[in-house]
Amino acid sequence: MIEAPALLTIHRNTRRPTAAQIARFKDMPSAFVADAMSGRGCLATPIGPIGGGRDYPCNVVGPALVADNSAGDLLATGAALNILQKGDIVVATVDGYQGSAAAGDLVMGMMKNAGAAGFVTDGPMRDYEGIVAVGLPAYCTGLNANSPYGNGPGTVGAGAVVDGVRIETGDLLVCDSNGVVVVPFDKIDAVADAAHAVKNAEAEFEVQVQSGAQSSFLDLDEMLADGRAVFAD
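Anyway, here's the lowdown on the structure attached to this text. Here the structure is a predicted model, which means the values were calculated and not measured. (Residues numbered from 1 in each chain as written. Predicted model: local features only at pLDDT ≥ 70, side-chain atom pairs only at ≥ 80, totals over all residues. Heavy atoms only, no water.)

1. Here's the deal with the environment of I188
Among the secondary structure elements, I188 is positioned in helix α6 (residues 188-210). Look at I188 and you get buried, because its relative accessible area is 1%. Put simply, I188 and I22 are 166 residues apart on the chain and 8.8 Å apart in space, counted from C-alpha to C-alpha. Excluding residues that lie within four positions of it along the chain, I188 makes contacts with P17, Q21, F25, G170, L172 and V183. (Helix = DSSP H or I, 4+ residues; strand = E, 2+ residues; numbered from the N terminus. Buried < 20%, exposed > 50% of the residue type's maximum accessible area, 1.4 Å probe, protein only. Contact = heavy atoms within 4.5 Å.)

What follows is the structure, given as structure tokens:
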């Protein structure tokens, strides 16, 4: 007889970025962080601040704690409440299932009480007004009043793929109105350096635009001269 798998698997002693590493990304736009990773790292467009961020700010930076649920389930999310550390952003995956909410206002309230800094899911949420009242930054695909189950199986503290982007517990998340960008744990320092360089370059570029610049992305005359660009007629 094949032994039935555990309904819940919990990974302990996971890696975590330092407070100094997290601080380097404070107030850093997610777009600059994505630029620092060759224009990649952001979760798919449907995952955004709940309500479009219209009723409360959803800007947050912190380490990911991944709660990998089955579709329509929240057993792993509930377990995350018991092991999260202050400042964690809980990433509750539901295999992209859109038929029920991944969490509601009561779960958000308990997460805030436990010290979570934010919540990210690849599914919808519910109890919008209550979530606004809790004020915990939340990112989801939309709203759905159906409730999830707590049957499992689920895994907490490991990793998961969210719309093609791999997120491991301990990766750094930079979340704002533009979306959620994932910085792999072993690249945090390098991406921080590059993001600050991007920020400085953007500031210089902004001055040029405000001074009347119309284009600095390419030299069309040079491209025409060397054959990389041609006129069609």
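2. Let's talk about helix α3 (residues 75-83)
Turning to α3, its buried residues are A76, T77, A79, A80 and L81. Packing partners of the buried residues in α3 comprise β1 (8-10), β3 (60-69), β4 (89-93), α4 (105-114), β5 (118-121) and β7 (154-156).

3. Description of the side chain of S100
Looking at the element boundaries, S100 is found in the loop between β4 and α4. When neighbours within four sequence positions are excluded, S100 is seen to be in contact with G72, P124, N144, N146, S147 and P148.

4. Considering the nonpolar core
M108 and L173 are the most contacted members of the largest nonpolar core, which has 43 residues in total. Not counting residues within four places of it along the chain, the set of residues in contact with L173 comprises V60, V61, G62, A64, I89, V91, V120, I167, V180, V181 and V182. Core analysis: the next-biggest nonpolar cluster, separate from the first, contains 17 residues, V33, V174, V191 and V198 among them. (Core = buried A, V, L, I, M, F, W, Y, C linked by side-chain atoms within 4.5 Å.)

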